[in-house]
Structure formats: structure tokens, C-alpha cells
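# A structural walkthrough
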Amino acid sequence: MDFSPSPRSAELTERVRAFITAEIDPVEPVIHRDIASRRDGGGDPWEPSPLIAELQAKARKEGLWNLFLPAAHAGSYAADFGTDGGAGLSNVDYAPLAEAMGVSQLAPVIFNCSAPDTGNMEVLLRYGTPEQRQQWLEPLLRADIRSAFCMTEPAVASSDATNMAASAVLDGDDVIINGTKWFSTGVGHPDCKILIFMGVTDPDADRHGRHTMVLVPIDAPGVRVDRMLSTMGYFDEPFGHGEVSFTDVRVPASNILLGPGRAFEIAQGRLGPGRVHHCMRAIGLAERALELGVRRALSREAFGRPLAKLGGNSERIADGRIAINRSRLLVLHAAWLLDQGMSREAVSAVSEIKVEVPNMALDVIDLAIQLHGGAGLTDDFPLAAAWVGARSLRLADGPDEVHRSVVARIELGKYK
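This structure is a prediction, so every number in the text was calculated from the model and none was measured.

Calculation criteria
Residues numbered from 1 in each chain as written. Predicted model: local features only at pLDDT ≥ 70, side-chain atom pairs only at ≥ 80, totals over all residues. Heavy atoms only, no water. Helix = DSSP H or I, 4+ residues; strand = E, 2+ residues; numbered from the N terminus. Rg over C-alpha atoms; globule rule 2.2 N^0.38 Å. Buried < 20%, exposed > 50% of the residue type's maximum accessible area, 1.4 Å probe, protein only. Contact = heavy atoms within 4.5 Å. Areas by Shrake-Rupley, 256 points an atom, 1.4 Å probe, with all protein chains shown as cover. Lys, Arg positive; Asp, Glu negative; His and termini not counted. Charge placed at Lys NZ, Arg CZ, Asp CG, Glu CD. Pairing = 2+ DSSP bridges. Domains from an automatic or database assignment. Salt bridge = Lys/Arg side-chain N within 4 Å of Asp/Glu carboxyl O. Polar contact = N/O pair within 3.5 Å; in protein donor to acceptor, adjacent residues only side chain to side chain. Core = buried A, V, L, I, M, F, W, Y, C linked by side-chain atoms within 4.5 Å. UniProt positions renumbered as here; feature names shortened; annotations may be inferred. Axes fitted to C-alpha atoms, helices over the stretch in contact; angles between N-to-C directions. Parallel < 35°, antiparallel > 145°, perpendicular 65-115°, else oblique. Left-handed = near helix turned anticlockwise from the far one by under 90°. Nonpolar A, V, L, I, M, F, W, Y, C, P; charged D, E, K, R; others polar. Phe/Tyr/Trp six-rings, centres within 6.5 Å; stacked < 30°, edge-to-face > 60°. Lys NZ or Arg CZ within 6 Å of the ring centre and 35° of its normal. Disulfide = S-S within 2.5 Å.

## Some details on the overall build of the chain
When helices and strands are tallied, the chain shows 13 helices and nine strands. For 416 residues, the compact-globule estimate of 2.2 N^0.38 gives 22 Å, and the C-alpha radius of gyration of the chain, at 21 Å, lies within 12% of that figure. Each of the 416 residues in the chain was classed as buried or not, and the buried ones make up 51%. Look at the contacts in the chain between residues 6 or more apart in sequence, and 72% of them connect residues 24 or more apart. With the model as given, the accessible surface of the chain reaches about 18,400 Å², and the carbon-plus-sulfur share is 53%. Charge centroids of the chain, computed over 42 positive and 54 negative side chains, lie 4 Å from each other.

See below:
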């Protein structure tokens, strides 16, 4: 196997890095300060900065847009909606781009490559009807609207999705939706217009054939965003994570994705590439944290010596570099396996990276915080928010325990 990026991937990666350095890095602190000032001063922190739309327009003009679109995309979406080269990318080719974007909290949004929109767009791309694509996918590809994914529930252990209590019941030509979802990322954004809802349709079917995914407009009668949830004190404006209630929401049965009872089939197709994206962005985040930590360790002295030479810090910095490089190879291997087609080995590899990478990122970010001292805990540096993001990733798309059980089950099965 060869993990070398293709010439196109290498060129796009360098252009993404150059764009981040020239266009995003200078204004990202300004955008974050603006949100904080509105939050503290009684303004509306959920209203996105106009600078975001300006940067998105520049990125699209340069063809650095919707880069997540897969190589096997349907029709000419990549060509029609801004991806330079007019075609999608393999998982291996997209991986370094995701890593490059991970150094910045804002960059994935600017390139229209941020979760959950990327996953929702891939669902519509792979499983949506032509009508569903026209109504919802194309506006998402233009970033005219945003979306959310409603799966996790507050009343059950959502690490086992078969526990789901929310319902999507067929009633003639309609679907009636009831239930409460939470940690629905993106519902705080004023441009969030469409939700992908997962609920039980046939409780008597096989446990993986009971559930259905349905497209639900956020303004449908009976949909209510009850509250926005913080993650360790951060609300992640202007996107956020919300608790959403659905009370006798009625939408056309034509809003069902793929078909009744096929939600788990869609989820498996959505989550594999999405986990690669998450993990490569987390590697970029770890790279940024290590850079900040090393620069701090070289520029500050204590007890007459640079911090880099105190308390085993040199060894910890070396361990950080080894851990990042190890994780990157593991993710590239998972991406390569997905490009060969879904297999048990690919399933195991995706679960392996989902355990390995967030834990690695946490360790590296923690090192950087320690090297910054008390300053590392403040919002003067991006490290505290980075740590919270990496910690959240150990729960998003399934907790460590679930992924370890997948790896163990596949490993044990080899020897039965």
C-alpha cells in the first residue's frame, strides 16, 4: 500500500494551508473575540460574523470548496459546486486536507467541509432521491443553508442506538415523528434549515431493521429547539449543540431516506468516512498544539533554563511527535482500507482510529497546556477549547468502549 498523496491531493493541501495562513489565521481571533464580546455584552453570539461568508466566497472562487466530496460522487456535484479539478477525492487523498484544516477551528467551515454538514451531504449524495438532492443537498453545497443530525437521546444510553425511543411512524402518505434528541450539532446556527432524524418505525422488526431516517425541516410544526447545551462551558457559537423536541411532527413519506427500516444501513455508510475526517482534523489539532507547546518551551525560562530542558519536557515533546506520526499512519491505513471497499478489516480499522486519535490528541494538547502554565487554561490561547473538542470526540460517533468492543469482536472472530 502507498499512502503518498496524489499530485492533486498534494497541490490542494498546500493551497489549503496557504489559504489558512493568509486569509483565516489573521481574522480567526477577531471572529472569536467578536462572539465573546456579544455574549458578554448582551448581543447575539449566535449570529455568524459576516467575515465567514466573505472567506467562504474567496475559498469557493479558488476552487477550495466541498473538498470532502468522495471520488465516487454522483453526477457532477464536485464540478458544479466548486471543487478544483471537477472531481471528488478518495479517502486517502482527502485525509491530508482534513489534517490541514484541523489546525483551525474555523477552517472546515470556510471550505464547507465541517461536520455535521459533510456527513449529511454525503447521506443525501449516496441515498437521497433526485428531488431530495435538489431541495436540500444543493443549498448545502452552496452553504446557503446548514443542517443537523438528530440521533442521540437524553433518556436512553445512546451508545447503543437500538435503545432509541423516538419514533417515525408511517401514516398513509406521511410520517409522524415524536421524541426528543440532544447534542444535535448545528441547530443553533440561524441558517440551519434541515434535520436528519432517526427514529423507530417498526419495533417488532429485527433490531437493526426497526429504524428510519427522515428529512425534517426545522420549521415544521411541532419541531422545537428547547435549549442549547454547553460542552464543558463552551457553546460553540454560532453552531452549537441543541436539545430538540418533536411533537406529532408530520412530514411527507417522500422525506424518508432510502426506505423505512434502513437507517442503520445509512448510518454505516455515513460514519466510516466521517470518522476518518474527524480523526485527521484531530491530528491537525494535535500538530498545532505541539507547535504552540514547543515554541513556548523554547521561548520561556525557569530556574535558569528553557522550559524544554526542564522536568522531562524534552522526552514528552518527543513522545508527542511519535504519537502524532503513529496516529497519522493508522488513519491513513483506515482510509486506504475504506477506499478498497467496506470489509471487516476496514470496520476494525475505523474503530481503532476512533479510540487512538482523540486520546492521542488529548495527551498532546495536555502537554501544550502544561508548557503554557496558567495561560494554557485561558482563551488567550486555543488550547483549552482544543482540549474540550478532543475530549468531546471520545464520545461523538460512539464512545471508546463501543469501538474497543468492535475491534475485540472482530479480533476474537479470527480464531473461533
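## Points about the pairing of strand E3 (residues 174-185)
Bridging between strand E2 (residues 167-171) and E3 involves five bridges; their strand directions are antiparallel. The residue of E3 that forms the bridge with Ala168 is Ile177. Here E3 runs beside strand E7 (residues 241-252); their pairing, made up of nine bridges, is antiparallel. Opposite Val175, over in E7, you have Val251 as the bridge partner.

## Let's talk about the domain arrangement of the chain
Domain annotation of the chain identifies domain 1 (7-144), domain 2 (147-261) and domain 3 (264-413). Centre-to-centre separation of domain 1 and domain 2, based on C-alpha positions: 24 Å. Each side of the interface is counted separately: domain 1 has 19 residues, and domain 2 has 25 residues. For the pair domain 1 and domain 2, the interface holds one salt bridge. Taking the shortest distance from any N to any O, the salt bridge between Arg39 and Glu237 comes out at 2.9 Å. Linking domain 1 with domain 2 are six residue pairs in polar contact (both at pLDDT 80 or more).

## Describing the environment of Asp160
Relative to the helices and strands, Asp160 resides in the loop between strand E1 (146-150) and E2. Given the relative accessible area of 30%, Asp160 is considered partly exposed. At 2.5 Å, the side chain of Asp160 and the side chain of Thr162 are in polar contact.

## Some points on the nonpolar core
Counting 99 residues, the largest nonpolar core has Val16, Ile24, Leu67, Tyr94, Met101, Phe111 and Met213 as its most contacted members. Per-element tally for this core: the top contributor is helix H9 (residues 263-299), with 15 residues. Excluding its chain neighbours within four sequence positions, the residues that come into contact with Tyr94 are Leu67, Phe68, Leu89, Met101, Cys113 and His277. Core analysis: the next-biggest nonpolar cluster, separate from the first, contains 20 residues, Ala168, Ile218, Phe246 and Val249 among them.

## As for the pairing of strand E5 (residues 211-217)
The buried count for E5 comes to seven of seven residues, which makes it a mostly enclosed element. Alternating positions in E5 separate into two faces, His211, Met213, Leu215 and Pro217 on one and Thr212, Val214 and Val216 on the other, with burial throughout. Taken together, the seven bridges between strand E4 (residues 192-200) and E5 define a ladder with antiparallel strand orientation. Across the sheet, residue Val200 finds its bridge partner in E5, namely His211.

## Digging into the UniProt feature "domain: Acyl-CoA oxidase/dehydrogenase middle" (unreviewed entry) in the chain
What UniProt calls "domain: Acyl-CoA oxidase/dehydrogenase middle" (unreviewed entry) maps, in this numbering, to residues 148-249. This span, residues 148-249, is 0% helix and 51% strand, and a straight line between its end C-alpha atoms measures 17 Å.

## Re the packing of H9 against helix H11 (residues 344-372)
Between H9 and H11, the least distance of the axes is 8 Å, while the angle of their chain directions is 20°. Put simply, H9 runs roughly parallel to H11. You can see that H9 and H11 cross each other, and the crossing is left-handed. Residues of the contact of H9 with H11, tallied by class, amount to 20 nonpolar, three polar and three charged.

## Observations concerning the packing of helix H1 (residues 7-24) against helix H3 (residues 50-61)
Two elements in contact, H1 and H3, have axes whose closest approach is 12 Å; the angle formed by their N-to-C orientations is 150°. As H1 packs across H3, the resulting crossing turns out to be right-handed. Only Leu55, Lys58 and Ala59 of H3 make contact with H1, whose side of the interface consists of Phe19, Glu23 and Ile24. Taken together, the residues of the contact of H1 with H3 sort by class into four nonpolar, no polar and two charged.

## Side note on the pattern of salt bridges
Overall, the coordinates contain 25 salt bridges when judged by the stated rule. Here Glu291 makes a salt bridge to Arg295, at a shortest N to O gap of 3.1 Å. Here the residue Glu291 and the residue Arg295 both occupy positions in helix H9, the gap between them amounting to four residues, near one helical turn. On the basis of relative accessibility, which here comes to 34%, the residue Glu291 falls in the partly exposed class.

## Thoughts on the packing of aromatic side chains
Scanning all chains against the criterion turns up four aromatic pairs. Ring centres of Trp182 and Phe183 lie 5.0 Å apart, and the angle between their planes is 65°; on these two criteria the pair is classed as edge-to-face. The ring of Phe197 is capped by Lys181, whose NZ or CZ atom sits 5.1 Å from the centre of that ring.

## Points about the side chain of His241
Position of His241 relative to the elements: it lies in strand E7. Since its relative accessible area comes to 12%, His241 is described here as buried. If we ignore the near neighbours within four places in the chain, the residues touching His241 are Phe183, Ser184, Thr185, Arg227, Met228, Leu229, Thr231, Phe235 and Asp236.

## A word on the state of the cysteines
In this structure the tally under the stated criterion is zero disulfides. You can see Cys150 has no disulfide; the closest cysteine sulfur is in Cys192, sitting 7.8 Å from it. The exposure class of Cys150 is buried, given its relative accessible area of 0%. Overall, Cys192 belongs to the buried group, its relative accessible area being 4%.

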